[in-house]
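So you can see what is in the structure, the chains are spelled out below.
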Amino acid sequence: MLSIAQEKIDELFALISEKQPLYLPVDNSTGKADFKKWEKGVKLSANLKTVRSAKDFFFPKTEHMVSYQMSGKEITLIDPRKDVEDFVIFGVRACDAVGFTVIDNVYLNMNPVDSYYKNRREHGTVITLACNEPERTCFCPTYEIDASLSADKNGSKGDVSCWNADGKYFFEANTEKGKAFVEKAKAVLKEEDAKAVDNAKKDIQSKAEKLPFAHLDLSKFQGKDMLKIFNSKIWEKVSEPCVGCGTCTYVCPTCMCFDVRDFKTNNGIRQIRCWDSCMYNDFTQMAAENPRHTQKERSRQRFMHKLMYYPMAHEGLFSCVGCGRCLESCPVNMNIVKVIKAVQETDDIGGDK
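We now turn to the structure provided with this report. Residue numbers run consecutively from 1 along every chain, following the written order of its sequence. Owing to the predicted nature of the model, reporting of local features is limited to residues with pLDDT of at least 70; listing and counting of side-chain atom pairs is limited to 80 or more, with chain, interface and lining totals taken over all residues. Water and hydrogen atoms were dropped before computing side-chain values, which therefore reflect all heavy atoms in the structure.

**Points about the overall build of the protein chain**
Secondary structure elements are taken from DSSP: a helix is a run of H or I of four residues or more, a strand is a run of E of two residues or more, and numbering for both begins at the N terminus. Each helix and strand in the protein chain was counted, giving eleven helices and twelve strands. Against the globule reference of 20 Å for 353 residues, the protein chain gives a C-alpha radius of gyration of 22 Å, in line with a compact fold. Each principal axis of the C-alpha distribution contributes one length, and for the protein chain these read about 65 × 65 × 40 Å. Counting every position in the protein chain, which comprises 353 residues, the buried fraction comes to 50%. Residue contacts follow a heavy-atom distance rule, with two residues in contact if any of their heavy atoms lie within 4.5 Å. Within the protein chain, residue pairs in contact and separated by at least 24 positions form 70% of the contacts whose partners lie at least 6 positions apart. Shrake-Rupley sampling with a 1.4 Å probe provides the accessible areas, and residues are treated as covered by the protein chains on show and by no other component. As displayed, the protein chain offers around 17,600 Å² of accessible surface, 49% of which is attributable to carbon and sulfur atoms. Positive: Lys, Arg. Negative: Asp, Glu. His and the chain ends are not part of the count. Where a charge lies is defined by one atom per residue type, namely NZ (Lys), CZ (Arg), CG (Asp) and CD (Glu). Taking the 51 positively charged and 50 negatively charged side chains of the protein chain as two groups, their mean positions are separated by 2 Å. Between the two quantities, the radius of gyration covers C-alpha atoms and the globule rule is 2.2 Å times the number of residues to the power 0.38. Each residue is placed in one exposure class: buried if its accessible area under a 1.4 Å probe, protein chains only, is under 20% of its type's maximum, exposed if it is over 50%, and partly exposed if it falls in between.

Written as structure tokens, this is what we have:
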């Protein structure tokens, strides 16, 4: 396995950034981390849980899709897309890497393919970094995601897996893009015995197993119980505190809903795609009305999709990866962990415990 000493990691960053932009978690003014472009003097954060996930690189918050110019009855379509340059994202967590798989299933593996998303995915190289210190709000083991970067049950990995162990960073290529990255980095990497990585994996897995929400009971979230869960009495109670702010969807690494708006400019019409949230009262609003009138209905839609609808359509893969961001960001302490527990504890739903 190839490695580089921790104190020399900037040499690797400098080498990679000579040929393509490199982004990594960097401490912000609040003491948390955000992804930032590397340049000399920028330091990798010790906190891998960025405020928002690396999803933003492939599915940006706002995106110019098309423009229209009109001259009388003539309408000209203008495609604003440009070739995306290759780029590297270093320090993505295992849960966020699985989040890419969740979105890929919808934007790449279904028709029509989202060409905007596809273009970015093809040009981005993802380097995952194992979570040496999983946080107490993390619960990725619930979904059989391995924080030590062994593949989850669906085989989701980054292009390159990386471990911080024994004072060194170790690298293992998983894809053709990953092999190309390692080849470019060989000038500053050296061959190293992988025993330190094996020990680090065991240590991380042991810590992850002890997290407070590591083994939430998902036994009732089976397709046969979908209508029972949908009609359960729990939704009134769990949704009552919700203020519909949408924070949970904006920090979630798997939420992929969007709205499309047209804006009139001095040079025609610009069509913009932007993130949207099922927790908003105008989400999917039609000319006649909004199909979900109450916060109870909107909250139920969000959690039913994460835990029932999506896995039923995608071979059991949940649309939640246990990153814990919603637990930390919700202003009223409403989150998916509470919903899972409420479903398991109610007596109006079947399922095997």
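**Section: the side chain of serine 148**
Note that serine 148 resides in the loop between strand E7 (124-129) and strand E8 (160-165). The exposure class assigned to serine 148 is buried, which follows from its relative accessible area of 0%. Separated by 3.0 Å, the side chains of serine 148 and glutamine 205 make a polar contact. Pairs of N or O atoms within 3.5 Å make up the polar contacts considered here, provided that, within protein, one atom can donate a hydrogen while the other can accept it, and that residues adjacent in sequence are counted only when both atoms are side-chain atoms.

**Some remarks on helix H1 (residues 9-17)**
Among all positions in H1, only Ile9, Leu12, Phe13, Leu15 and Ile16 are buried. Angularly, the buried residues of H1 cover 165 degrees about the axis, an arc narrow enough to put them on a single face. As for H1, its buried residues are in contact with strand E1 (2-5), strand E2 (22-27), strand E6 (87-92), strand E9 (168-173) and helix H4 (176-185). Comment: arc refers to directions from the helix axis out to C-beta atoms.

**Regarding the pattern of salt bridges**
Any carboxyl oxygen of Asp or Glu that lies within 4 Å of a side-chain nitrogen of Lys or Arg is treated as forming a salt bridge with it. With the rule as written, the count across this model stands at 19 salt bridges. One salt bridge in this structure joins arginine 273 and aspartate 114, with 2.6 Å as the shortest N-O distance. Here arginine 273, found in strand E12 (residues 268-275), pairs with aspartate 114, found in the loop between helix H2 (94-107) and helix H3 (115-123); they are 159 residues apart in sequence, far enough to count as distant. Exposure class is identical for arginine 273 and aspartate 114. Each is buried. One salt bridge connects lysine 296 with glutamate 236, and the closest N-O pair in it is separated by 3.7 Å.

**Some points on H4**
Every buried residue belonging to H4 is among Gly178, Phe181, Val182 and Ala185, and all of these are buried. One side of H4 holds all its buried residues, which, seen down the axis, span an arc of 95 degrees. Seen from the buried face of H4, the exposed residues on the opposite side, beyond 90 degrees, are Glu176 and Glu183. Buried residues belonging to H4 abut E1, H1, E6, E7, E8 and E9.

**Focus on the packing of aromatic side chains**
Two aromatic rings from Phe, Tyr or Trp, using only the six-membered ring of Trp, form a pair when their centres are within 6.5 Å; if the ring planes differ by under 30 degrees the pair is stacked, by over 60 it is edge-to-face, and anything between is tilted. For the structure shown, the criterion picks out 18 aromatic pairs. Relative to phenylalanine 90, the ring of phenylalanine 13 lies with its centre 5.2 Å away and its plane at 70 degrees, an arrangement referred to as edge-to-face. Taken as a pair, phenylalanine 13 in helix H1 and phenylalanine 90 in strand E6 lie far apart in primary sequence, 77 residues in all. Owing to a relative accessible area of 1%, phenylalanine 90 belongs among the buried residues under this scheme.

**Some remarks on the sheet that holds strand E5 (residues 74-78)**
Reading across the sheet, the four strands line up as E5-E4-E12-E11 and stay open at both edges, with antiparallel pairing between neighbours. Of all the strands in the sheet, the pair left with one neighbour each is E5 and strand E11 (258-265). Neighbour-to-neighbour, the strand axes of this sheet turn through a mean angle of 25 degrees, independent of strand direction. Pairing geometry for strand E4 (residues 62-71) and E5, over five bridges, is antiparallel. If you follow glutamine 69 over to E5, its bridge partner there is threonine 76. Two strands qualify as a pair provided that DSSP identifies no fewer than 2 bridges between them. Axes here refer to lines fitted to C-alpha atoms; in helices the fit is confined to the stretch in contact. Angles between the N-to-C directions go from 0 to 180 degrees.

**Here's the deal with the packing of helix H9 (residues 295-313) against helix H11 (residues 336-345)**
Their axes nearest at 11 Å, the elements H9 and H11 cross at an angle of 70 degrees. Regarding the angle of H9 to H11, the classification is roughly perpendicular. Residue-level inspection shows Phe303, Lys306 and Leu307 of H9 in contact with H11, the latter providing Ile336, Val339 and Ile340. Each angle receives one of four descriptions, namely roughly parallel if under 35 degrees, roughly antiparallel if over 145, roughly perpendicular if within 65 to 115, and oblique otherwise.

**Quick word on a nonpolar patch on the surface**
Every patch collects residues that have over 30% relative accessible area and no salt bridge, joining them within 9 Å if they carry like charges and within 5 Å if they are nonpolar side chains (Val, Leu, Ile, Met, Phe, Trp, Tyr). Judged by side-chain polarity, Met70, Ile75 and Leu77 come together as a nonpolar surface patch covering roughly 340 Å² of accessible area. Within the secondary structure, leucine 77 is located in strand E5.

**Let's talk about unusual backbone geometry**
Here the residue pair asparagine 111 and proline 112 is connected by a cis peptide bond, since its omega of 0 degrees sits within 30 degrees of zero. Within the secondary structure, proline 112 sits in the loop between H2 and H3. Even without a glycine there, the phi angle at aspartate 166 is positive, about 55 degrees. Considering the arrangement of structural elements, one finds aspartate 166 in the loop between E8 and E9. For asparagine 333, which is not glycine, the phi torsion reads 60 degrees and is therefore positive. With respect to the secondary-structure elements, asparagine 333 resides in the loop between helix H10 (325-329) and H11.

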